[in-house]
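The chain contents come next:
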Amino acid sequence: MALTAIIEAHGGPDQFKLVDLEVGEPGKGEVRIAHKAVGLNFIDVYQRTGLYPMQLPHAMGMEAAGVIEAVGEGVTHLKVGDRAAYAANPPGAYTEARVMPAAQVCPLPEGISFEEGAAMMLKGLTVEYLFHRTTPLKAGDTVLFHAAAGGVGLLACQWARSEGITLIGTAGTDDKCQLALEHGATHCINYRSGDWVAQVRELTGGAGVDVVMDAVGKDTFDGSLKSLKPLGMMISFGNASGPVPPFEIGLLGKMGSLKITRPTLFTHIADHATCQAMAQHLGEKVLSGDVKINIGQRFALKDVAAAHTALEARQTTGSTVLEI
């Protein structure tokens with residue numbers, strides 16, 4: 001039996017219920033993993049509230065790290081006793097142990113702790129595809145990254161620095177801006193202190209940025225488009241402030257033949273080989289010291305509701321993990 005956090009209805013953090021569930025044995029293409037740490041992400045909030053509906057009741061959580069306890073038929077990249085980590089569908093990571101598809105479970109290198117592994121997979125693989133699989137980026141390019149002091153943002157700041165990319169971050173307080181700068185942001189704008197679009201233009205000599213990476217959504221979308229240079233790319237990859245409302249696609253032409261995409265991590269990692277290659281690239285970045293995993297908050301599994309309350313209120317910095 002494994003203690004597991006589930007929801008039976010969409011809503012607030014009070015919807016979480018802790019239950020003991022039977023784990024069972026892995027079938028073909030599956031593994032059983034005993035978790036050591038679990039990561040929290042904003043997609044968890046979207047699923048809990050119903051923005052991303054799920055069939056209920058359902059266990060929650062998309063990311064964790066632990067030890068492989070059993071391996072099903074056909075699984076060749078993992079064996080019993082291996083350290084492993086994942087970001088994967090279906091949800092179900094908020095638990096002590098689970099049986100799950102093996103394709104997106106990745107070896108966790110020695111030298112990376114379980115907490116780091118749990119905190120880095122969904123956010124780190126997101127940064128990997130943003131910088132390497134969405135639009136061409138090279139040293140000298142300029143990126144505007146919203147929520148630069150969050151879990152994804154702090155990884156993006158470091159990733160950009162390691163590749164010679166100028167990153168202009170935004171955050172909601174001076175302290176969060178300072179944190180982003182310490183992690184590699186070239187500049188960081190407190191968007192509560194004035195016209196952040198004008199400040200982006202000033203920092204780029206009026207030219208605008210090559211790429212915007214925006215997980216905030218509704219509140220920053222219009223300003224993000226206005227921050228791009230002609231032919232620039234808008235990457236909208238989240239909805240922390242709410243979903244982006246419909247807009248007239250002709251505006252992209254009028255604003256300089258802009259490009260826009262709405263990617264998801266799970267499209268990128270659906271292919272087993274691609275997922276494993278992305279995870280290896282992420283592991284190399286962490287082991288080299290180019291990217292350090294910042295764990296700002298730790299909660300016990302039984303306190304998952306409090307963890308969600310803090311995450312949703314943007315009272316967190318860096319990554320948040322549940323300790324098992």
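For the structure, see preceding data.
Below: a short report on this structure. (Residues numbered from 1 in each chain as written. Predicted model: local features only at pLDDT ≥ 70, side-chain atom pairs only at ≥ 80, totals over all residues. Heavy atoms only, no water.)

**Considering the side chain of Thr320**
Next, step 1: Checked against the element boundaries, Thr320 lands in strand S16 (residues 319-323).
Next, step 2: At 2.7 Å, the side chain of Thr320 forms a polar contact with the side chain of Gln297.
Next, step 3: In this view, Thr320 contacts Val38, Gly39, Leu40, Gln297 and Phe299; residues no more than four positions away in its chain are not counted. (Helix = DSSP H or I, 4+ residues; strand = E, 2+ residues; numbered from the N terminus. Polar contact = N/O pair within 3.5 Å; in protein donor to acceptor, adjacent residues only side chain to side chain. Contact = heavy atoms within 4.5 Å.)

**Quick word on helix H4 (residues 174-182)**
Next, step 1: Of the positions making up H4, those classed as buried are Cys177, Leu179 and Ala180. The buried residues of H4 occupy an angular sector of 160 degrees when the element is viewed end-on, so they sit on one face. Residues of H4 that are exposed and angled more than 90 degrees away from the buried face: Asp174, Asp175 and Glu182.
Next, step 2: Those residues of H4 that are buried lie in contact with helix H3 (151-162), strand S10 (166-171) and strand S11 (187-190). (Buried < 20%, exposed > 50% of the residue type's maximum accessible area, 1.4 Å probe, protein only. Arc of directions from axis to C-beta.)

**Quick look at the nonpolar core**
Next, step 1: Ranked by internal contacts, the top residues of the largest apolar core, which has 54 residues, are Met121, Phe131 and Met213.
Next, step 2: Per-element accounting of this core gives the leading share, 10 residues, to helix H2 (residues 114-132).
Next, step 3: Not counting the four nearest positions on each side in its chain, Phe131 is found in contact with Leu137, Ala156, Trp159, Ala160, Ile165, Leu167 and Met213.
Next, step 4: Ranked by size, the runner-up nonpolar core spans 29 residues in total, among them Ala5, Tyr86, Met100 and Ala307. (Core = buried A, V, L, I, M, F, W, Y, C linked by side-chain atoms within 4.5 Å.)

**Section: the sheet that holds strand S12 (residues 209-214)**
Backbone hydrogen bonds hold the strands of a sheet together, and the pairing may be parallel or antiparallel.
Next, step 1: Spatial ordering of the open sheet is given by S11-S10-S9-S12-S13-S14, a layout of six strands whose pairing is parallel. The outermost strands of the open sheet, each flanked by one partner alone, are S11 and strand S14 (259-261). For this sheet, the mean inter-axis angle between neighbouring strands, taken without regard to orientation, is 15 degrees.
Next, step 2: As judged from the four bridges shared by S10 and S11, these two strands associate in the parallel manner. (Pairing = 2+ DSSP bridges. Axes fitted to C-alpha atoms, helices over the stretch in contact; angles between N-to-C directions.)

**Remarks on the packing of H2 against H3**
Next, step 1: In contact at an axis separation of 9 Å, H2 and H3 are set at 45 degrees when each is read in the N-to-C sense. Considering their axes alone, H2 and H3 lie oblique with respect to each other. Where H2 crosses over H3, the handedness of that crossing is right-handed. Together, Lys123, Gly124, Thr126, Val127, Glu128, Phe131 and His132 of H2 and Gly151, Val152, Leu155, Ala156, Trp159 and Ala160 of H3 make up the contact between the two elements.
Next, step 2: Looking at side-chain class alone, the contact of H2 with H3 contains seven nonpolar, four polar and two charged residues. (Parallel < 35°, antiparallel > 145°, perpendicular 65-115°, else oblique. Left-handed = near helix turned anticlockwise from the far one by under 90°. Nonpolar A, V, L, I, M, F, W, Y, C, P; charged D, E, K, R; others polar.)

**Structural notes on the pairing of strand S6 (residues 83-87)**
Next, step 1: For S6, the buried fraction is high: five of the five residues fall into the buried class.
Next, step 2: By the alternation rule, side chains of S6 split into Arg83, Ala85 and Ala87 and Ala84 and Tyr86, which are all buried.
Next, step 3: Here strand S5 (residues 63-71) pairs with S6 via five bridges, running antiparallel. For Gly66, the partnering residue across the bridge sits in S6 and is Ala84.
Next, step 4: Where S6 meets strand S8 (residues 105-107), three bridges bridge the pair, whose relative direction is antiparallel. Considered in S8, the bridge of Tyr86 is made with Val105.

**Topic: the packing of aromatic side chains**
Next, step 1: Summed over the entire model, instances satisfying the criterion amount to five aromatic pairs.
Next, step 2: Centre to centre, the rings of Tyr46 and Tyr52 are 5.0 Å apart; their planes meet at 65 degrees, and the pair counts as edge-to-face.
Next, step 3: Residue classification places Tyr52 among the partly exposed residues on the basis of a relative accessible area of 28%.
Next, step 4: A centroid spacing of 6.0 Å and a plane angle of 55 degrees characterise the contact between Phe145 and Phe237, whose relative ring orientation is tilted. Of this pair, Phe145 sits in strand S9 (residues 142-145) while Phe237 sits in the loop between strand S13 (228-236) and helix H7 (250-254); the two residues are 92 residues apart in sequence, bridging distant segments of the chain. An identical accessibility class is assigned to Phe145 and Phe237; each is buried.
Next, step 5: One aromatic cluster is present, built from ring pairs that chain together Phe42, Tyr46 and Tyr52. (Phe/Tyr/Trp six-rings, centres within 6.5 Å; stacked < 30°, edge-to-face > 60°.)

**Quick notes on the packing of helix H1 (residues 42-49) against helix H10 (residues 304-312)**
Relative orientation and spacing of two packed helices are given, respectively, by the angle between their axes and the distance between those axes.
Next, step 1: At a minimum axis distance of 10 Å, the contact between H1 and H10 shows a crossing angle of 105 degrees. When the axes of H1 and H10 are compared, the pair comes out roughly perpendicular. On H10, the residues that touch Phe42, Asp44, Val45, Arg48 and Thr49 of H1 are His308, Leu311 and Glu312.
Next, step 2: Considering only residue class, the contact of H1 with H10 consists of three nonpolar, two polar and three charged.

**Here's the deal with the pattern of salt bridges**
Next, step 1: Here the structure, examined in full by the defined rule, presents 14 salt bridges.
Next, step 2: Between Glu8 and Lys17 there is a salt bridge, and its shortest N-O distance comes to 3.5 Å.
Next, step 3: Residue classification places Glu8 among the partly exposed residues on the basis of a relative accessible area of 47%.
Next, step 4: Taking the relative accessible area as the measure of exposure, Lys17 reaches 39% and is therefore partly exposed.
Next, step 5: In this structure, Arg48 engages Glu312 in a salt bridge whose closest nitrogen and oxygen atoms are separated by 2.7 Å. Taken as a pair, Arg48 in helix H1 and Glu312 in helix H10 lie far apart in primary sequence, 264 residues in all. (Salt bridge = Lys/Arg side-chain N within 4 Å of Asp/Glu carboxyl O.)

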